[in-house]
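What follows is the residue order along each chain.
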Amino acid sequence: MTTRRRFLAGSIGYATLSMAASLPGAARAQTAGGGKPIIIGAHGDRAKQASYYSMLYKDAVETFLDELNKKGGANGRPVQFMFEDDENSPVVAASRVEKLAAEGAFYILSMGSSATGVAAQAKGEELKIPIGSPTNTITALSQPLRHYYFRMSIRDDLIAAALVEYVKKMINNPRVGIVRDTTETGLLTSDSYIKLFKDGGLEMVSVEQITPGSSDVTAQALKTKESGANIVLIVGGSIPDLANYVKAHKGIRNDAPMIGNYLFTTAAFGRLTGSASDGFLFVDSVYPERPEVTEIMSKLIAAKGDRFQNNLSAVHAWEYIRLVLDAIGRAGSDDHEAIRNAMEKTTDWPVAIGPPGMKLSYSPTNHDLFTQPQQAVIRAYKDGQPGPAVPWK
Amino acid sequence: MTFGSIAQVAASGLHVGCIYALAALSFYVIHSATGILNFVQGECIMVSAVLGVVLLPWMPYPVAMVLSIGATIVLSLLTERLVIRRLEARQADLFIMILSLLGLMIVVRYGTGALFGQEEYMLPGPAGAGVIEIGNSVFLPYQVILIYVVTALTFAAVHVLSKRTWLGRSLRVAAIDPIGATLIGVNLVRVRVVAFGLGGFIAAMVGWLYAPLYAAGYMVGVVPGVKGFIVMVIGGMASPIGSLVGGITLGLVEVATARYFSSLYSDATAFVVLMGVLFLRPEGLIGAKSRA
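Quantities reported herein were computed from a predicted structural model and do not represent experimental measurements.

Looking only at helices and strands, chain B features 11 helices and two strands. Helices (α) and strands (β) of chain B occur, in sequence order from the N terminus, as α-α-α-α-β-β-α-α-α-α-α-α-α. Its C-alpha atoms give chain B principal-axis dimensions of roughly 60 × 50 × 35 Å. By residue count, 51% of the 292 residues in chain B fall in the buried class.

This part is about the overall build of chain A. Along the backbone of chain A there are 13 helices and 14 strands. A compact globule built from 393 residues should have a C-alpha radius of gyration of about 21 Å, and chain A, at 22 Å, falls within 12% of that. Summarising its shape, the C-alpha atoms of chain A cover approximately 65 × 60 × 40 Å along the three principal directions. In chain A, of all internal contacts separated by at least 6 residues, the share reaching a separation of at least 24 is 67%.

On to the domain arrangement of chain A. By domain assignment, chain A separates into domain 1 (2-154 + 290-362) and domain 2 (157-284 + 376-390). Of all the secondary structure elements, the ones that give two or more residues to the side of domain 1 of chain A that touches domain 2 of chain A are α3 (51-70) and α5 (114-127) of chain A.

Let's shift gears to helix α7 (residues 184-199) of chain A. Under the 1.5 Å per step criterion, the end-to-end length of α7 of chain A is 23 Å for 16 residues, consistent within 8% with the ideal 22 Å. Residues of α7 of chain A that are buried include every one of Thr 185, Gly 186, Leu 188, Thr 189, Ser 190, Tyr 193, Leu 196 and Phe 197 of chain A, and no others.

Before going further, it helps to examine the interface of chain B and chain A. Across the contact, 34 residues belong to chain B and 28 residues belong to chain A. The leading source of residues in the side of chain B that touches chain A is helix α1 (residues 3-34) of chain B, at six residues. A per-class count over the side of chain B that touches chain A returns 20 nonpolar, nine polar and five charged.

It is worth spelling out the sheet that holds strand β5 (residues 149-151) of chain A at this point. All names here are of chain A. Strand order in the open sheet formed by five strands is β2-β1-β3-β4-β5, with parallel pairing between adjacent strands. Strands with a single pairing partner mark the edges of an open sheet, and in this sheet they are β2 (79-85) and β5. Each strand axis lies, on average, 25° off the axis of its neighbour in the sheet, ignoring direction. Here strand β3 (residues 107-110) runs beside strand β4 (residues 131-133); their pairing, made up of two bridges, is parallel. Its bridge partner lying in β4, Ile 108 is registered against Ile 131.

Bringing the environment of Leu 158 of chain A into the picture now. All names here are of chain A. Tracing the backbone through its elements, the reader meets Leu 158 in helix α6 (residues 156-170). Judged by C-beta crowding, with 24 C-beta atoms within 10 Å, Leu 158 ranks as buried. The residues touching Leu 158, leaving out its near neighbours within four places in the chain, are Phe 370, Pro 373 and Ala 376.

What follows deals with the sheet that holds strand β8 (residues 231-235) of chain A. Residues and elements named next belong to chain A. Read from one edge of the open sheet, seven strands run β7-β6-β8-β9-β10-β13-β14, paired in mixed fashion. Across the chains shown, the open sheet's two edge strands, defined by having one partner strand only, are β7 (203-209) and β14 (385-390). Averaged over all neighbouring strand pairs, the angle between strand axes comes to 30°, with direction disregarded. In the sheet, strand β10 (residues 281-284) pairs with strand β13 (residues 377-382) via four bridges, with the strands oriented antiparallel.

All names here are of chain A. Its 14 residues place the ends of helix α11 (residues 291-304) 20 Å apart at the C-alpha level, agreeing with the 20 Å of an ideal helix rising 1.5 Å per residue. Among the residues of α11, Ile 296, Met 297 and Leu 300 are the ones counted as buried. Take α11 and look down its axis: the buried residues cluster within an arc of 95°, on one side only. α11 presents Pro 291, Glu 295, Ser 298 and Ala 302 as exposed residues on the side facing more than 90 degrees away from its buried surface. Contact partners of the buried residues in α11: α3 and α12 (314-331).

As a general feature of sheets, a regular strand has side chains that alternate between the two faces. Residue and element names in this part refer to chain A. Covered by surrounding structure in β3 are Tyr 107 and Leu 109 together with Ile 108 and Ser 110, the residues of both alternating faces. By the bridge criterion, four bridges tie strand β1 (residues 38-44) to β3 in an arrangement that is parallel. When the bridges of β3 are listed, Ala 42 appears paired with Leu 109. On the question of chirality, the crossover connecting β3 to the parallel β4 by way of α5 is right-handed.

It is worth spelling out the environment of Gly 207 of chain B at this point. All names here are of chain B. Along the polypeptide, Gly 207 turns up in helix α8 (residues 188-210). Along the chain, Gly 207 and Ile 96 lie 111 residues apart, while their C-alpha atoms are 28 Å from each other. Ignoring sequence-local partners within four residues, the contact set of Gly 207 consists of Ile 45, Met 46, Ser 48, Ala 49 and Gly 52.

What follows deals with the confidence of the model for chain B. Residues and elements named next belong to chain B. Predicted confidence across chain B gives a mean pLDDT of 90, with 98% of residues reaching 70 or more. Ranking the elements of chain B by mean pLDDT puts helix α6 (residues 166-176) last with 81 and helix α2 (residues 41-55) first with 96. Per the prediction output, this complex has pTM 0.84; the corresponding ipTM is 0.90.

Residues and elements named next belong to chain A. With six of seven residues buried, β2 lies mostly within the body of the structure. The pairing of β1 with β2 spans seven bridges and is classified as parallel. Bridge assignment links Ala 42 to a residue of β2, and that residue is Phe 83. With respect to chirality, the unit in which β1 leads through α3 into the neighbouring parallel β2 is right-handed.

With glycine set apart, most residues show a phi of negative sign, and most peptide bonds adopt trans. All names here are of chain A. Of note, the amide linkage connecting Gln 143 to Pro 144 takes the cis form, showing an omega dihedral of 0°. Positionally, Pro 144 belongs in the loop between β4 and β5. A positive phi angle, near 55°, is found at Glu 87, a position not held by glycine. Along the chain, the position of Glu 87 falls in the loop between β2 and α4 (90-102). We note that Arg 253 has phi near 60°; this positive angle belongs to a residue other than glycine. Since 11 C-beta atoms lie within 10 Å of it, Arg 253 is described here as exposed.

Basis of the calculations
Residues numbered from 1 in each chain as written. Chains lettered and ligands numbered in written order. Predicted model: local features only at pLDDT ≥ 70, side-chain atom pairs only at ≥ 80, totals over all residues. Helix = DSSP H or I, 4+ residues; strand = E, 2+ residues; numbered from the N terminus. Buried ≥ 20, exposed ≤ 12 C-beta atoms within 10 Å, placed from the backbone. Rg over C-alpha atoms; globule rule 2.2 N^0.38 Å. Contact = placed C-beta atoms within 7 Å. Domains from an automatic or database assignment. Expected span 1.5 Å × (residues − 1). Nonpolar A, V, L, I, M, F, W, Y, C, P; charged D, E, K, R; others polar. Pairing = 2+ DSSP bridges. Axes fitted to C-alpha atoms, helices over the stretch in contact; angles between N-to-C directions. Arc of directions from axis to C-beta. Right-handed = clockwise from strand over helix to strand, strands pointing away. pLDDT = per-residue confidence, 0-100.

In structure tokens, the structure reads:
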């Protein structure tokens, strides 16, 4: 009996502590000025495969709000941040959007994988609540245009178009081999890239798939080499699997250059590949040398530590919450429709994403920051680190 | 299909198979002595690798290795002490035990993610980063050669332990007839502690063999855990040789499928092989006959 009582008391204590710890937004909001709080909701993956970037974006948003609330909040109002774990599941993500909307969120940030983003976007549209993602790339999120969805990242079709253009300038008669992992992202994006590359006039010579968790992918690397591919596109969502291919590719002395999308901005990729990733070209959406980017990254590293080092995609989360709060201020109302309209009317808004001087303009026919492939930033790995922007040839 | 490509498939398949075989052996030593399928074995592999990454910056390589392996053995022993023994004392149903172990597996996996972060890190291999190249098509990293050697030594040691020592015979007798074993003086608690300790030790070694060729992070125990379990079933639960034969068979089939058929189907081959073996030889490739 005593044990049971102690267990019960312990459980209540633990639950209380857990609840206190899980409400960072509420705690932060109290340090800001008076007024009714602005409630920002977010869903993302707290512990599964997408968590390494979800938690990065969550920390970036919290750091931004910490700084803002300490200075008195947004237009004198405290900002409360509510984060919900979507467990990297589209079904759960949709239910979290419903929950956040019911709890009074003004705007919802979709900070999980592209697959959860699609489900969240559909739910947001159904509930007529403005929603958007700082980093999701899947084209269908904003093409065709979704009334309540706003995007700050570069879409897959633009990434593919940028790669096609760059590859054509880099190599005569390019023959592309694709290597993908078995994640949902890997399967979805590789199919879309194959179509977009073919439409762009590139010859596709092989598709290889990495056995998940395998410590040896030499077979795939040798087959890719034998296919005659003179450039290899790597796509997917599992960094260890993709990094393993890159090591095998270099290990068997395949000189064909490797290219990828901005998944490869993740710091773990450089750590796992070391010098094997040298020369790996990838499309990014953040220009590392921009002073605004350097400033944001310094703040994030100072507040949250070295795990932000080289993780430039966190700049998206920082800039997205800045934009949303600006739009809420411009809306002059807490009404979802008014906030949506203010987002849509954003014009020539200076943003730290994209090449220097880039400005964000949404319109009734466009809810994307990036509209041209040439706005993409091409970068190359050097000494196991993502290097500076490479000029378009 | 050249000699070079066949040799590379053999080398790669053997390497992948050795990892699977050792993971299966860590399941086997616990199951053979206690009848318990410890689903936490995959997480023991992961914990060993993650602790290696955490400890290495602070101490010499051998010390970090010994400490991480020791901590993993402790985790395995705690599983026995805090979960299995308590549930058995309450005569819990088998399903309750399986559910508890699955729950513990999730707690260890995501708890590690919460404590040490969700990103993956490189664990330097004990054998270094060199590669032996034979011709233009056979590439053998030093770490892979170490995997071959450790696998051979581990299986030989487990064989000797189970056939030639009193402890090994106690482990086998306890699994076959626990009451009879008690009557002839076998201490069942001690047997179980030894089995979990040995299972934890083998899993921890797998962490140091596998992670340097893949990655160290909170999710890296999933694949060796699942494949280890499949291999134990494919090989048969009657002897450790089943784990070795099952592991190498699966490794070779996976790699050969990727090389000569299509890599799009190599992952599915594990389950096709499992279904085929269960259908044709439910007792596994090395079944009960070899035990007699």
